[in-house]
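Here's the letter readout for the chains.
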Amino acid sequence: MSKRTDSNSYTMIFAIVMVVIVGSLLAFLASSLKPAIKENERIEKQQNILYAMGVNENDESSATFVSTSVAGEEFAKYIKKQIVIEGDKISENDEAYLIDVKKQQANAKEGKTRKLPLFIGEKDGKTYYVAPIRGKGLWDAIWGYVSMDENMVVQGAYFDHKGETPGLGANIKQRYFMDDFYGEHLLTEAGVFKGITVAKGNNDPKNEDKTDYEVDAIAGATITGDGVSAMIKKDLALYVPYFKSLKK
Amino acid sequence: MGLLSKKDAALIKDPLLDNNPITIQVLGICSALAITAELKASIVMSISVLFVLGVGNVVISLMRNIIPSKIRIIVQLIVVATLVIIVDLVLKAFAYELSKTLSVFVGLIITNCIIMGRFEAFALGNGPWRSFLDGIGNAVGYGIILIAVGFFRELLGSGTLLGFKVLGDPIEKTGLYAIGYENNGFMLLSPMALIVVGIIIWVQRSKNKSLIEEA
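Model, not experiment: these values are computed from the prediction.

What counts and how
- Residue positions are given per chain, counting from 1 as you read along its sequence in written order.
- The lettering of chains begins at A and the numbering of ligands begins at 1, in the order of writing.
- The predicted nature of this model means local features are confined to residues of pLDDT at least 70 and side-chain atom pairs, given and counted, to a pLDDT of 80 or more, with totals for whole chains, interfaces and linings taken over all residues.
- Segments assigned H or I by DSSP are reported as helices when at least four residues long, segments assigned E as strands when at least two residues long, and all are numbered from the N terminus.
- Buried, partly exposed and exposed are defined by the number of other C-beta atoms within 10 Å of a residue's own C-beta, namely 20 or more, between the two limits, and 12 or fewer respectively, with C-beta atoms placed from the backbone.
- Angular values range over 0 to 180 degrees, each being the angle between N-to-C directions of two axes fitted as lines to C-alpha atoms, with helices fitted over their stretch in contact.
- Angular relationships are summarised with four words: roughly parallel below 35 degrees, roughly antiparallel beyond 145, roughly perpendicular across 65 to 115, and oblique for the angles in between.
- Handedness of a helix crossing follows the sense of rotation of the near helix relative to the far helix, less than a right angle counterclockwise being left-handed and clockwise being right-handed.
- Think of it this way: build a C-beta for each residue from its backbone, and any pair within 7 Å is a contact.
- The nonpolar class holds Ala, Val, Leu, Ile, Met, Phe, Trp, Tyr, Cys and Pro. Asp, Glu, Lys and Arg form the charged class, and all remaining residues, Gly among them, are polar.
- For two strands to be treated as a pair, DSSP must find at least two bridges joining them.
- To estimate the expected span of a helix, count its residues, drop one, and scale the result by 1.5 Å.
- Bend, in this description, refers to the angle at a residue between axes fitted to the seven residues ending there and the seven starting there.

Could you give me a rundown of the overall build of chain B, with the residues and numbers involved?
Looking only at helices and strands, chain B features 8 helices and 0 strands. With respect to the principal axes defined by its C-alpha atoms, chain B has extents near 65 × 50 × 35 Å. Across the 215 residues in chain B, those meeting the buried criterion constitute 35%.

How would you summarise the overall build of chain A if you had to cite specific residues and measurements?
When helices and strands are tallied, chain A shows 6 helices and 8 strands. For chain A, with 248 residues in total, the buried portion stands at 33%.

Tell me about the packing of helix H3 (residues 39–63) of chain B against helix H5 (residues 96–110) of chain B, and please be specific about residues and values.
Residue and element names in this part refer to chain B. In the contact formed by H3 and H5, the axes pass within 10 Å of each other and the chain directions differ by 55°. Between H3 and H5, the angle falls in the class oblique. Relative to H5, H3 is oriented so that their crossing is right-handed. Contact residues: Val44, Met45, Ser48, Val49 and Val52 in H3; Thr101, Leu102, Phe105 and Ile109 in H5. Of the residues belonging to the contact of H3 with H5, the class tally is 7 nonpolar, 2 polar and no charged.

Just give me the short version of the interface of chain A and chain B, but keep the residues and values in it.
Contact with chain A, which involves 27 residues of that partner, is made by 25 residues of chain B. The class makeup of the residues in the side of chain A that touches chain B is 16 nonpolar, 7 polar and 4 charged.

Quick rundown of unusual backbone geometry? Include the residues and the values.
Residues and elements named next belong to chain A. Residue Met152 is not a glycine yet carries a positive backbone phi of 60°. Position of Met152 among the secondary structure elements: in the loop between strand S5 (141–148) and strand S6 (154–161). Given 25 C-beta atoms within a 10 Å radius, Met152 is considered buried.

Lay out the sheet that holds strand S3 (residues 116–123) of chain A with the relevant residues and their values.
In a beta sheet, neighbouring strands are held together by backbone hydrogen bonds and run either parallel or antiparallel to one another. All names here are of chain A. Strands sit in the order S2-S1-S3-S4-S5-S6 across an open sheet of 6 strands; the sheet is antiparallel. Either end of the sheet is taken by a strand with one partner, and the two such strands are strand S2 (89–92) and S6. The sheet shows a mean angle of 25° between the axes of neighbouring strands, taken without regard to direction. Strand direction decides the pairing type here: S3 and strand S4 (residues 126–136), joined by 5 bridges, are antiparallel. Considered in S4, the bridge of Glu122 is made with Thr127. Here helix H5 (residues 222–237) sits on the sheet in contact with S4, S5 and S6, set at roughly 125° to S4.

Break down the pairing of S2 of chain A for me, with residues and values.
On a regular strand, one side chain projects to one face of the sheet and the next to the other, so that they alternate. Residues and elements named next belong to chain A. The pairing of strand S1 (residues 79–86) with S2 spans 4 bridges and is classified as antiparallel. Each residue of the ladder has a partner; that of Glu86, found in S2, is Lys89. From the end of S1 to the start of S2, which pair antiparallel, there are 2 residues, and Gly87 there has a positive phi angle of about 65°.

Outline the environment of Ile179 of chain B, listing residues and values.
All names here are of chain B. Assignment of secondary structure puts Ile179 in the loop between helix H7 (128–158) and helix H8 (190–207). Owing to 8 C-beta atoms within 10 Å, Ile179 belongs among the exposed residues under this scheme. When the C-alpha positions of Ile179 and Leu211 are compared, they lie 42 Å apart, and in sequence the two are 32 residues distant.

Give a description of the environment of Gly185 of chain B that names residues and reports values.
Here Gly185 of chain B shows up in the loop between H7 and H8. The exposure class of Gly185 of chain B is partly exposed, given the 13 C-beta atoms found within 10 Å. For the pair Gly185 of chain B and Ser158 of chain B, spaced 27 residues apart in sequence, the C-alpha separation works out to 7.2 Å. Apart from the residues lying within four places of it in its own chain, the contact partners of Gly185 of chain B are Ala219 and Gly220 of chain A together with Gly157 of chain B.

Would you mind going over the environment of Asp88 of chain B in detail, with residue names and values included?
Residue and element names in this part refer to chain B. Summarising the element assignment, Asp88 is placed in helix H4 (residues 72–94). Separated by 118 residues in the primary sequence, Asp88 and Ser206 have C-alpha atoms spaced 41 Å apart. Residue contacts for Asp88: discarding those within four places in its chain leaves Ser99 and Val106.

So what's going on with H5 of chain B? Which residues, and what values?
Residues and elements named next belong to chain B. An ideal rise of 1.5 Å per residue puts 21 Å on 15 residues; H5 measures up with 20 Å between its terminal C-alpha atoms. The largest bend along H5 measures about 50° and falls at Leu102. Taken together, the buried positions of H5 are occupied by Leu102, Val104, Phe105 and Ile109. Residues of H5 that are buried make contact with H3, H4 and helix H6 (113–121).

Laid out in structure tokens, this is it:
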């Protein structure tokens, strides 16, 4: 007993028709929704940067951004200057926050100069320097924004991820983890860059010692935590010359 | 249920207990291990699967007479992948924050064996309405177990439920922690999900002996 749907030619034609239909449907949808998605991502970047410098609507335990409708306004109000560091050259660029860190990291690997964006914000008379960082977690990309004062003492941090395990690695974007970074020093007293390690068993779960270059790790998220340490050490080290030049 | 005939009602009811996808059919174990470290993720995943399985079962059922049997698995995979990607794109454009919460689950839904399992076992041989009921029933059955596992893992592993510190603060030593209680960090690791599922299976089978397979 052979059915019409068993023949080879039917199978081939079915496969081709289906692929064409599905392919064009998805392509159409993706390209027509692209502007809206891009706009959402742009606003999110502004919210992330503002979050790192403490402009947010956090209540006791949640991490809440300023609302999307005012993100642009707040961004313009708090971020005074956006600069791009390229080797020794420093230029101002109002769209520096749109620089794709992933692309710049790839450029650096190919031996080209990497553009380093830095956002200089001011809140309550204090100056914040916010730098983007990016690295690898357990499953996929992780990234974040770290705000520092002129001595490279962390003033706030925001982390995000593409696909870390919910309940474990995904908790890097929880307040209890991000808040631990506040006040941590990146430079030793002698001015050498040391970074911050996400450490297991550092005997300081309340994070009272701000000069141990360590924050308490999340249980069950070792590799994501290592990724956070690595991206902080690798990407923020690149900004050290700029901060040194501020002191001169 | 006056709306449904007895046979149709069984499609919804059976997967909840006696033919539960996780504990009896042993489908969807992988996601039950991966994302049940906290309750919220379990709930989000359950709702996503409910949607995808309900709609997917109907689509496959409508196509059941034209799908060539030689490539039916691939066709099923394409259908579920397309559905999930469409939802993801639309959410990204119009409900960005929700899409960020869900993004992790997109890949997990596509590869979730419960979805392919129900397409293959039910939707290919039954009409759209009955397939829809089967999809909903199985997704709810899956969700119940997921939420139960998530509940125990989050409660015993982190001492929280949906992020609220129900047992007190482990660092400040308040609540239960004041009398020496400690979180069991082991509960957060995937093997413990398997053990929790195992305990559920044990309880279920000792209550209903007819579920025990002949050795």
